[in-house]
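Spelled out from the first residue to the last, the chains are:
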Amino acid sequence: MAAAPPVPWQLGGSRRASRVEIDLDAVAHNVRYFQALAGECAGVMAVVKANAYGHGAVMVARAAVGAGARWLAVATVDEGIQLRAAGLAAPILVLAPSDPAEAPAAFDAELTLAVGDLDTAAAVARSAAVRGRVATVHVEVDTGMRRFGVPAEVAPALVERLVALPGLQLGGLYTHFATADEADRAFYNEQRARFAAVVGAVRARGIVVPLVHLENSAAALSGPRIEGDLIRVGIALYGLSPSADVPAPAVLRPVLALRSRVARVMSLTPGESVSYGRAFIADRPLGAALVPVGYGDGYRRVFSGRATMLLGGQRAPVLGRVCMDQTVIAVPDGLDARLGDEVTLIGCQGAACVSADELATLAGTINYEIVTGLSARLPRHYVRGGRVVALDGLGRLTPLLPEECTY
Ligand SMILES: *Cc1c(COP(=O)(O)O)cnc(C)c1O
């Protein structure tokens with residue numbers, strides 16, 4: 001019997017013109033930068049939570065591990081299971097609180113859970129013990145973030161009780177900084193000192209601490225030095241700056257671009273308005289172009305009348321309101337825009353660039369939220385060596401056949 005023909009409407013094979021381009025070579029380059037920064041004694045934990053900050057967790061994780069990242073970090077058990085289902089074998093830490101009910105699934109997927117209390121630790125211990133095995137957990141120490149974790153004061157005593165649980169062993173201790181991305185180092189240094197004291201106190205009780213980790217991107221980039229066994233690199237892995245005070249070094253490469261194509265070209269006459277609410281009214285003859293991207297894709301409505309896209313290598317301001325699925329831009333003067341012309345919403349066209357930082361400032365937020373907010377509806381095109389090697393449409397990853405790959 002002949003093989004069934006491919007189903008033409010298969011999910012993941014998106015030909016939508018609006019897409020997120022992910023430069024896998026940039027991921028690898030950025031991982032190698034951080035591995036060099038970490039030196040001989042420490043390794044890179046690639047933080048790929050929230051679908052790799054919107055970039056696509058599976059392909060980013062593969063690229064990161066391929067470039068030498070020793071660990072992966074996610075925020076939920078489901079995110080970890082997604083990576084395991086895709087065949088990733090590297091150690092995976094779940095960095096945020098998980099529900100005790102998730103402990104058995106996490107154990108079966110060989111995920112390392114972070115714990116911040118004894119009850120959760122006991123649930124993890126039980127799920128390992130009933131299988132006649134031992135689970136390894138990392139303990140987050142709350143040194144001042146006041147989010148997740150064991151308060152520093154009680155951490156040594158809690159760790160002592162935790163390692164006494166049958167079925168459980170300590171895999172590591174870590175902490176997280178509240179102000180590593182700020183110029184003022186006072187609180188950051190306090191947190192570092194508190195954490196060092198906790199690690200010392202745990203070891204003084206004769207407990208083996210196999211791994212210690214504390215630096216996020218901002219801390220790794222701002223120093224004063226790398227300490228511990230792993231650095232947990234998130235935002236800077238994507239080539240983005242942790243903050244204005246701690247910019248990404250110029251050698252890091254931005255991984256993500258958001259692009260689309262002109263779907264209609266219009267000539268506006270004076271007095272004509274554009275989009276809902278007539279928020280823009282032309283005061284002169286003006287070329288306009290329709291871009292099939294909207295807030296349903298994560299291109300925020302607050303960009304209405306404020307953001308610019310790139311068309312023909314020039315800035316093209318958004319006219320009127322951003323809709324759920326469509327946005328209109330001004331055609332730069334003198335440009336002969338055509339149907340299908342490429343539009344860049346994040347990234348560069350020639351020398352002109354729109355950064356996630358620029359959009360974040362317009363939206364009153366941080367670059368993290370802009371890229372993480374790009375919705376699953378935008379297909380991700382994964383590019384390596386100038387060729388698209390895989391497509392991700394609505395969460396379904398499709399490797400491309402070689403003849404389809406050229407970009
Ligand atoms: C998200 C997260 C990180 C990564 O932070 P970046 O600022 O993106 O580098 C590191 N550690 C913990 C605990 C996190 O939650």
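In the block above lies the structure referred to throughout.
Structure report, in brief. On a predicted model such as this, the values are computed, not experimentally measured, just so you know.

Some thoughts on the overall build of the chain
When helices and strands are counted, the chain shows 11 helices and 23 strands. Its C-alpha radius of gyration of 24 Å places the chain within 12% of the 22 Å reference for a compact globule of 407 residues. C-alpha atoms of the chain, sized along the principal axes, occupy 80 × 70 × 40 Å. Looking at the chain residue by residue over its 407 residues, the buried ones come to 51%. Within the chain, contacts between residues at least 6 apart in sequence are counted, and of these 64% link residues at least 24 apart. Separation between the mean location of the 38 positive side-chain charges and that of the 38 negative ones in the chain comes to 3 Å.

Comments concerning the site of the ligand
Neighbouring the ligand are the residues Val47, Lys49, Tyr53, Leu95, Arg147, His176, Asn216, Ser217, Arg232, Gly234, Ile235 and Tyr368. The side chain of tyrosine 53 places a nitrogen or oxygen atom 2.6 Å from an oxygen atom of the ligand. Between the ligand and the protein, one listed contact pairs an oxygen atom with a side-chain N or O atom of tyrosine 368 at 2.6 Å. The fraction of the free accessible surface of the ligand (390 Å²) that becomes covered by protein chains is 93%. Taken together, the residues of the shell around the ligand sort by class into five nonpolar, four polar and three charged.

Focus on the nonpolar core
For soluble globular proteins, nonpolar side chains are generally found buried alongside one another. Core analysis: the biggest nonpolar cluster contains 125 residues, and Leu83, Leu173, Tyr299, Leu311 and Ile329 have the highest contact counts within it. Those residues within four positions of isoleucine 329 in sequence are excluded, and the remaining contacts are Gly287, Ala288, Ala289, Val291, Met309, Leu311, Ala316, Pro317, Val318, Leu319 and Val343. Counting residues in hydrophobic clusters, the runner-up holds 10 residues, among them Met266, Val274, Ala288 and Leu290.

Observations regarding the pattern of salt bridges
What the rule picks out here adds up to 18 salt bridges. A salt bridge links aspartate 333 to arginine 284; its shortest N-O distance comes to 3.4 Å. Here aspartate 333, found in the loop between β18 (327-330) and β19 (342-349), pairs with arginine 284, found in the loop between β14 (280-281) and β15 (286-291); they are 49 residues apart in sequence, far enough to count as distant. Residue aspartate 333 is classed as exposed on the basis of its relative accessible area of 58%. Residue classification places arginine 284 among the partly exposed positions, given a relative accessible area of 39%. The partner of arginine 338 in a salt bridge is aspartate 336, and the shortest N-O contact between them spans 2.8 Å. Looking at arginine 338, the relative accessible area reads 51%, which means it is exposed. A relative accessible area of 53% means that aspartate 336 is categorised as exposed.

Thoughts on the side chain of serine 375
Relative to the assigned elements, serine 375 resides in the loop between α11 (367-372) and β21 (380-384). For serine 375, a relative accessible area of 19% corresponds to the buried category. In terms of polar contacts, serine 375 uses its side chain to reach the backbone carbonyl oxygen of glycine 296, at 2.7 Å. Residues within four places of serine 375 in sequence aside, it is in contact with Gly296, Asp297, Gly298 and Arg380.

Description of the state of the cysteines
Scanning the model with the defined rule gives one disulfide in all. In this model cysteine 348 forms its disulfide with cysteine 353; the gap between the sulfur atoms is 2.0 Å. Because the torsion about its S-S bond is 105°, the bridge between cysteine 348 and cysteine 353 counts as right-handed. Owing to a relative accessible area of 37%, cysteine 348 belongs among the partly exposed residues under this scheme. For cysteine 353, a relative accessible area of 34% translates into the label partly exposed.

What counts as what
Residues numbered from 1 in each chain as written. Predicted model: local features only at pLDDT ≥ 70, side-chain atom pairs only at ≥ 80, totals over all residues. Heavy atoms only, no water. Helix = DSSP H or I, 4+ residues; strand = E, 2+ residues; numbered from the N terminus. Rg over C-alpha atoms; globule rule 2.2 N^0.38 Å. Buried < 20%, exposed > 50% of the residue type's maximum accessible area, 1.4 Å probe, protein only. Contact = heavy atoms within 4.5 Å. Lys, Arg positive; Asp, Glu negative; His and termini not counted. Charge placed at Lys NZ, Arg CZ, Asp CG, Glu CD. Near = heavy atom within 4 Å. Polar contact = N/O pair within 3.5 Å; in protein donor to acceptor, adjacent residues only side chain to side chain. Areas by Shrake-Rupley, 256 points an atom, 1.4 Å probe, with all protein chains shown as cover. Nonpolar A, V, L, I, M, F, W, Y, C, P; charged D, E, K, R; others polar. Core = buried A, V, L, I, M, F, W, Y, C linked by side-chain atoms within 4.5 Å. Salt bridge = Lys/Arg side-chain N within 4 Å of Asp/Glu carboxyl O. Disulfide = S-S within 2.5 Å.

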